[in-house]
Amino acid sequence: MNTPYPIYIGNDIFPQLEKEIAAENYTQVIVLADENTYRDCYPFLVSYLPKHQVIPILAGEKHKTLSTCEKIWALLSELAVDRKALIINLGGGVVGDLGGFVAAVYKRGIAFMQVPTTLLAMCDASVGGKVGIDFLAAKNQLGLFSMPKAVYICPKFLNTLPQREWISGFAEVIKHYLIADYLGWKKLKTLSLNEIEVESLIRHAVNIKATIVAQDMNEQHIRKSLNFGHTIGHAIESYFLGFDGEKVLHGEAVAIGMICESHISFQKGLLTEKELIEISSYIRTHFRHHSIPFFTYSHIFDLMLQDKKNQNYLILGVLLKGIGQVKINEIISFENFVESMNYYQKK
Ligand SMILES: NC(=O)c1ccc[n+]([C@@H]2O[C@H](COP(=O)([O-])OP(=O)(O)OC[C@H]3O[C@@H](n4cnc5c(N)ncnc54)[C@H](O)[C@@H]3O)[C@@H](O)[C@H]2O)c1
Ligand SMILES: [Zn+2]
């Protein structure tokens with residue numbers, strides 16, 4: 001694959017990880033896991049690791065914060081972890097993003113490896129070197145580009161992943177087809193979820209992501225296409241994170257975002273109505289509906305103003321130009337947004 005670090009995919013890849021760690025003479029090995037991945041995934045990995053320390057964190061997006069990082073940095077300092085140490089991030093996108101950020105900043109950067117355990121992290125978050133945390137009300141507000149030493153994707157970990165989390169990750173899978181693979185999309189639509197072979201699904205997503213990232217590591221142009229569904233999706237995710245009530249998972253928010261941003265593509269004449277219906281009915285078949293009342297629209301739009309792709313206070317989104325192609329830096333107005341949300345709400 002076209003990446004500056006190796007990506008291993010398969011159920012028997014951990015002997016390779018063992019070899020790679022042994023070859024590097026790390027001074028210490030730290031495993032970062034959340035409570036669930038420590039319980040369900042760590043037991044499969046532990047026998048391949050040299051002497052190490054585990055740092056457990058609380059699970060969930062609401063812990064992807066500076067305060068979690070501070071606790072980890074304090075522990076690393078207490079353990080006298082030096083610059084020649086390795087951090088292994090064993091978990092979903094939260095552990096991967098936060099652990100990568102912790103590693104990239106600690107002592108100006110120590111080595112880290114991504115061992116993703118959710119479909120979302122296997123198909124998307126573990127690849128591409130974006131690491132970061134949420135800050136105030138905005139998703140991934142603090143972060144940087146920092147490459148892992150390697151990525152180890154073991155699909156067997158998905159056996160314990162809750163179904164709702166699996167579906168959430170499927171949103172990023174759909175995204176990769178919509179932005180870059182028209183023929184693949186046509187085929188995907190004919191398959192039920194049981195008929196999909198997970199390892200090939202992961203390989204497909206990783207391949208598309210790695211190919212796009214290789215052309216534009218720092219997201220100046222084509223890499224922006226990977227944000228399809230995220231301008232609106234991130235704002236919806238952030239909005240619901242601010243409350244104690246029902247949570248909307250990252251992929252669920254991106255699924256809503258993809259329906260809305262497809263509708264805006266239709267509004268601007270970039271998608272036909274038939275294509276819009278094709279996309280929105282496929283997504284609606286696999287994702288449950290979240291009710292987003294009209295009175296929340298202006299709050300959500302305010303959160304969209306925080307999006308990192310914006311310039312000069314204009315919201316610049318990624319739209320589809322037919323299925324399988326994108327148009328980046330497209331202005332999304334409040335009117336575009338409201339119309340698209342009304343379309344989503346109509347069911
Ligand atoms: N860096 C990137 O390029 C990138 C790309 C996409 C998404 N993201 C980020 O990824 C995050 C979402 O990631 P996520 O959906 O993986 O969420 P997550 O890391 O919160 O994991 C979801 C839940 O599943 C549990 N879990 C994980 N693996 C498990 C397993 N194998 N068995 C049982 N339980 C398991 C976790 O403990 C957690 O409760 C968001 O913060 C998003 O911004 C980053
Ligand atoms: Zn995403």
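All values reported here derive from a predicted model rather than from experimental measurement. (Residues numbered from 1 in each chain as written. Chains lettered and ligands numbered in written order. Predicted model: local features only at pLDDT ≥ 70, side-chain atom pairs only at ≥ 80, totals over all residues. Heavy atoms only, no water.)

Further remarks concern the domain arrangement of the protein chain. Domain assignment breaks the protein chain into domain 1 (7-160) and domain 2 (164-346). On a C-alpha basis, the centres of domain 1 and domain 2 stand 26 Å from each other. Taken residue by residue, the interface counts 24 residues in domain 1 and 31 residues in domain 2. Here domain 1 packs against domain 2, burying approximately 2400 Å² in sum over the two surfaces, 67% of which is carbon and sulfur. Ranking the residues of domain 1 by area buried against domain 2 places Leu-119, Cys-123 and Lys-139 at the top, with a combined share of 25%. At the junction of domain 1 with domain 2, the criterion picks out four salt bridges. (Domains from an automatic or database assignment. Contact = heavy atoms within 4.5 Å. Buried area = accessible area lost by both parts, 1.4 Å probe. Salt bridge = Lys/Arg side-chain N within 4 Å of Asp/Glu carboxyl O.)

For the zinc ion (ligand 2), the protein coordination sphere consists of Glu-172 (OE), His-230 (NE2) and His-250 (NE2), at 1.9 to 2.1 Å. Note on Glu-172: relative accessible area 2%, which makes it buried. Residue His-230 is classed as buried on the basis of its relative accessible area of 5%. (Donors = N, O, S within 2.8 Å, 3.2 Å for Na, K, Ca; no water. Buried < 20%, exposed > 50% of the residue type's maximum accessible area, 1.4 Å probe, protein only.)

Quick look at the site of ligand 1 now. The full set close to ligand 1 counts 28 residues, and Asp-34, Glu-61, Lys-64, Thr-118 and Thr-160 are the nearest of them. Take Lys-130: an N or O atom from its main chain is 3.0 Å from a nitrogen atom of ligand 1. For ligand 1, the protein covers 92% of the area, taking 860 Å² as the surface of the free molecule. Looking at the shell around ligand 1, the elements that each hand over two or more residues are helix H2 (35-40), helix H5 (93-105), helix H6 (119-125), strand E7 (138-145) and helix H7 (163-180). When residues of the shell around ligand 1 are assigned to domains, at least three map to each of domain 1 (7-160) and domain 2 (164-346). (Near = heavy atom within 4 Å. Polar contact = N/O pair within 3.5 Å; in protein donor to acceptor, adjacent residues only side chain to side chain. Areas by Shrake-Rupley, 256 points an atom, 1.4 Å probe, with all protein chains shown as cover. Helix = DSSP H or I, 4+ residues; strand = E, 2+ residues; numbered from the N terminus.)

Tallied over the entire structure, the rule returns 16 aromatic pairs. Between Phe-170 and Tyr-282, the ring centres sit 6.4 Å apart and the planes meet at 50°, which makes this aromatic pair tilted. Separated by 112 residues along the polypeptide, Phe-170 in helix H7 and Tyr-282 in helix H12 (residues 273-286) bring together distant segments of the chain. Residues Tyr-239 and Phe-240 carry aromatic rings whose centres are separated by 5.5 Å and whose planes lie at 90° to one another, so their mutual orientation is edge-to-face. Overall, Tyr-239 belongs to the buried group, its relative accessible area being 13%. An aromatic cluster is built from Phe-294, Tyr-297, Phe-301, Phe-334 and Phe-337, whose rings are joined through pairwise contacts. Positioned above the aromatic ring of Tyr-343, the side-chain terminus of Arg-284 is 5.4 Å from the ring centre. (Phe/Tyr/Trp six-rings, centres within 6.5 Å; stacked < 30°, edge-to-face > 60°. Lys NZ or Arg CZ within 6 Å of the ring centre and 35° of its normal.)

What follows is about the pairing of E7. Alignment of strand E6 (residues 130-135) against E7, held across five bridges, turns out to be antiparallel. Residue pairing for E7: Ile-133 is matched across the bridge by Leu-142. In textbook terms, the turn of a hairpin is the stretch between consecutive antiparallel strands, and for E6 and E7 this stretch comprises two residues, one of which, Leu-136, has a positive phi near 50°. (Pairing = 2+ DSSP bridges.)

On to the sheet that holds strand E5 (residues 111-116). With parallel pairing, six strands are arranged side by side in an open sheet as E1-E8-E5-E4-E2-E3. With one partner strand each, in any of the chains shown, strand E1 (7-9) and strand E3 (53-57) form the two edges of the open sheet. Neighbour to neighbour, the strand axes of the sheet diverge by 20° on average, direction disregarded. Against the sheet, H5 makes contact with strand E2 (29-34), E3, strand E4 (86-91) and E5, and its axis sits at roughly 165° relative to E4, the strand it touches most. (Axes fitted to C-alpha atoms, helices over the stretch in contact; angles between N-to-C directions.)

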